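What follows is each chain in one-letter form.
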Amino acid sequence: DTIKLNNAVRKVAADIRYAQKLAISSQQRCGLIRNSATSYTVFEQGNTADPAPSSGDPCSTDSSNNFIVDFNADRCSNYSGVTLSTITLYFNSLGTPVDATGTAIAGNQTVTVTYNGTRQITIDANTGRVSIL
């Protein structure tokens, strides 16, 4: 159980970092949004309805090659049963966390990953640093 939780936390943290790097490389707002308790999408162009292309990770690819992770899908069976807290993250072209309008946020953001226990991922409001607690 601990291994599954730790692996899921590392996956979510890596996908948050990917969204941040996508924002920097494309010079537009990108981010990550939770679709359900077990699913999230990395999006681009500041639009939560515009999934980014897949990163190449089989778990991060739906049938249309969009960057959508669903822990209960067959392609992500290693993470079955893992859930996430409600979260929508946006990063600006500098990789700094912002809100939907592009305004700097006031305070760190936290994503909680749960599977027979919980772990947290924190995104620093000033630097965008992604840390696993």
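A brief structural summary. (Residues numbered from 1 in each chain as written. Predicted model: local features only at pLDDT ≥ 70, side-chain atom pairs only at ≥ 80, totals over all residues. Heavy atoms only, no water.)

Digging into helix H1 (residues 2-26)
Rules: A run of H or I in DSSP counts as a helix once it spans at least four residues, and a run of E counts as a strand once it spans at least two, with each numbered from the N terminus. Here the expected length of a helix is defined as 1.5 Å per residue gap, with one fewer gap than residues.
In this model H1 runs 36 Å from its N-terminal to its C-terminal C-alpha over 25 residues, within 8% of the 36 Å that 1.5 Å per residue would give. Positive backbone phi, approximately 55 degrees, marks glutamine 27, located one or two places after H1.

Brief notes about the pairing of strand E5 (residues 88-91)
Quick note on the threshold: Two strands are counted as paired when DSSP detects at least two bridges linking them.
Of the pairings in the sheet, the one linking strand E1 (residues 30-36) to E5 comprises 4 bridges and is antiparallel in character. What sits directly across from isoleucine 33, in E5, is threonine 88. Pairing of E5 with strand E6 (residues 97-98), which is carried by 2 bridges, proceeds in the antiparallel orientation. Residue pairing for E6: phenylalanine 91 is matched across the bridge by proline 97. In this structure, the hairpin formed by E5 and E6 is closed by a connection of 5 residues, where glycine 95 is found at a positive phi of approximately 85 degrees.

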